Amino acid sequence: GESVGLHLPTLSVQEGDNSIINCAYSNSASDYFIWYKQESGKGPQFIIDIRSNMDKRQGQRVTVLLNKTVKHLSLQIAATQPGDSAVYFCAENIAGANNLFFGTGTRLTVIP
Amino acid sequence: NAGVTQTPKFQVLKTGQSMTLQCAQDMNHEYMSWYRQDPGMGLRLIHYSVGAGITDQGEVPNGYNVSRSTTEDFPLRLLSAAPSQTSVYFCASSYSRWQGNQPQHFGDGTRLSIL
């Protein structure tokens, strides 16, 4: 399978701090990336996406950065809140494959 | 819109039993898919469909069948349940057949245990 992976399986941050979750991918033909949030007992929920022709994309309190040179993707969450505690997945689409490949996830814990 | 609806939410089966996991979406999405989620592993694709009447295998299709007789429904059938199929199963859908520019929307999963 595709080696979409994460540098750290767990991340703990203080409430109000910024969080950075990282993801590495290995296929240079990957052209589309998505970040999902999964809360306990729920399905993955779309957060933000980015195409390979972009380096950065911002949403509400979230920013995704894409570095194609080193095949690295990151999700930044500003002013992390307790409700942000969840597992975060990155997923990628490889051009021509037409299916998403998912990483194993990082568990984010927000400390009040 | 209800989004992607999966039933049942929980199920316990004995080895050798068969069952069907239901998935329905009310968003008129072309693409539908089934994943399984196991501890320490990413979501793995079982089967997918790019439209009514069209299905194809994903990464881990053995032991599962699917059909897509309507745009809305995409049931997953376990033919003869095995303990290795104990997992959480997610159904997902997206508007276009092409996966290169849009996210998939997920249901809340079916937690399946095979004894």
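Everything quoted here is computed from the prediction, not taken from an experiment.

Asker: What is the right way to look at the overall build of chain B in this model?
Answerer: The helix and strand tally for chain B stands at zero helices and 11 strands. The helix and strand sequence of chain B, counted from the amino end, reads β-β-β-β-β-β-β-β-β-β-β. What you see for chain B is a C-alpha radius of gyration of 13 Å, in line with the 13 Å of a compact globule of 115 residues. The principal-axis extent of the C-alpha atoms belonging to chain B is close to 40 × 30 × 25 Å. Within chain B, the proportion of its 115 residues that are buried is 50%. Counting only carbon and sulfur atoms, one obtains 51% of the accessible surface of chain B, whose full area is about 5200 Å². Within chain B, one finds 8 positive and 8 negative side-chain charges whose respective centroids are separated by 8 Å.

Asker: How should I be thinking about the interface of chain A and chain B in this particular structure?
Answerer: How big an interface is tends to be reported as the loss of accessible area on association of its parts. Counting from both sides, the interface comprises 21 residues of chain A and, opposite them, 24 residues of chain B. Taking both partners together, chain A and chain B bury about 1700 Å²; carbon and sulfur atoms supply 53% of that area. For chain A, the biggest contributors to the area lost against chain B are Asn-98, Asn-99 and Phe-102 of chain A; these three give 29% of the whole. One can count one salt bridge joining chain A with chain B.

Asker: It is not clear to me how the sheet that holds strand 3 (residues 19–25) of chain B should be interpreted in this structure. Could you clarify?
Answerer: In a beta sheet, neighbouring strands pair by backbone hydrogen bonds and run either parallel or antiparallel. All names here are of chain B. Spatially, 1-3-8-7 is the arrangement adopted by the four strands of the open sheet, whose pairing is antiparallel. A single partner strand is all that each edge strand has here, and the edge strands are strand 1 (4–7) and strand 7 (64–66). On average, each strand axis in the sheet is tilted by 20 degrees relative to the strand beside it, whichever way the strands run. Of the pairings in the sheet, the one linking strand 7 to strand 8 (residues 76–78) comprises three bridges and is antiparallel in character. The residue bridging Asn-65 from the neighbouring strand is Arg-77, located in strand 8.

Asker: Sorry, what's going on with the side chain of Arg-36 of chain B here?
Answerer: All names here are of chain B. With respect to the secondary-structure elements, Arg-36 resides in strand 4 (residues 31–37). Here Asp-38 takes part through its side chain, which lies 2.9 Å from a polar atom of the side chain of Arg-36. Sequence-distant contacts of Arg-36, defined by excluding residues within four places in its chain, comprise Gly-42, Leu-43, Arg-44, Ile-46, Val-60, Tyr-64, Ser-84, Gln-85, Thr-86, Ser-87, Val-88 and Tyr-89.

Asker: Explain the sheet that holds strand 5 (residues 56–58) of chain A here, please?
Answerer: All names here are of chain A. Taken in spatial order, the four strands make up an open sheet running 2-7-6-5, and their pairing is antiparallel. Strand pairing shows two members of the sheet lacking a second neighbour, strand 2 (19–24) and strand 5, which therefore form its edges. Each adjacent strand pair in this sheet contributes to an overall mean axis angle of 15 degrees, direction not counted.

Asker: It is not clear to me how the state of the cysteines should be interpreted in this structure. Could you clarify?
Answerer: Note: disulfide means a covalent bond formed between the sulfur atoms of two cysteine side chains. Residues and elements named next belong to chain A. Tallied over the entire structure, the rule returns two disulfides over all chains. Here Cys-23 is linked by a disulfide to Cys-90, with a sulfur-sulfur distance of 1.8 Å. Disulfide Cys-23-Cys-90: the torsion about the S-S bond is 45 degrees, which places it as right-handed. With Cys-23 in strand 2 and Cys-90 in strand 8 (residues 86–94), the pair connects residues that are 67 residues apart, well separated along the chain.

Asker: Looking at this structure, I do not really get the packing of aromatic side chains. What am I missing?
Answerer: Describing an aromatic ring pair means giving the distance of the ring centres and the angle of the ring planes. Using the criterion set out here, one finds nine aromatic pairs over all chains in the structure. Between Tyr-36 of chain A and Phe-106 of chain B, the aromatic rings sit 5.3 Å apart at their centres with planes inclined by 90 degrees, giving edge-to-face as the arrangement. Of this pair, Tyr-36 of chain A sits in strand 3 (residues 30–38) while Phe-106 of chain B sits in strand 10 (residues 105–106), which puts the two residues in different chains. Across the pair, exposure class does not vary: Tyr-36 of chain A and Phe-106 of chain B are buried alike. With a centroid separation of 5.3 Å and an interplanar angle of 80 degrees, the aromatic rings of Phe-102 of chain A and Tyr-35 of chain B are classed as edge-to-face. Taken together, the residues span two chains, with Phe-102 of chain A in strand 9 (residues 100–102) and Tyr-35 of chain B in strand 4. You can call Phe-102 of chain A buried: its relative accessible area is 7%. On the basis of relative accessibility, which here comes to 0%, the residue Tyr-35 of chain B falls in the buried class. By way of ring pairs, the aromatic residues Tyr-36 and Phe-102 of chain A together with Tyr-35, Phe-90 and Phe-106 of chain B are connected into one cluster.

Each value, and the rule that gives it
Residues numbered from 1 in each chain as written. Chains lettered and ligands numbered in written order. Predicted model: local features only at pLDDT ≥ 70, side-chain atom pairs only at ≥ 80, totals over all residues. Heavy atoms only, no water. Helix = DSSP H or I, 4+ residues; strand = E, 2+ residues; numbered from the N terminus. Rg over C-alpha atoms; globule rule 2.2 N^0.38 Å. Buried < 20%, exposed > 50% of the residue type's maximum accessible area, 1.4 Å probe, protein only. Areas by Shrake-Rupley, 256 points an atom, 1.4 Å probe, with all protein chains shown as cover. Lys, Arg positive; Asp, Glu negative; His and termini not counted. Charge placed at Lys NZ, Arg CZ, Asp CG, Glu CD. Contact = heavy atoms within 4.5 Å. Buried area = accessible area lost by both parts, 1.4 Å probe. Salt bridge = Lys/Arg side-chain N within 4 Å of Asp/Glu carboxyl O. Pairing = 2+ DSSP bridges. Axes fitted to C-alpha atoms, helices over the stretch in contact; angles between N-to-C directions. Polar contact = N/O pair within 3.5 Å; in protein donor to acceptor, adjacent residues only side chain to side chain. Disulfide = S-S within 2.5 Å. Phe/Tyr/Trp six-rings, centres within 6.5 Å; stacked < 30°, edge-to-face > 60°.

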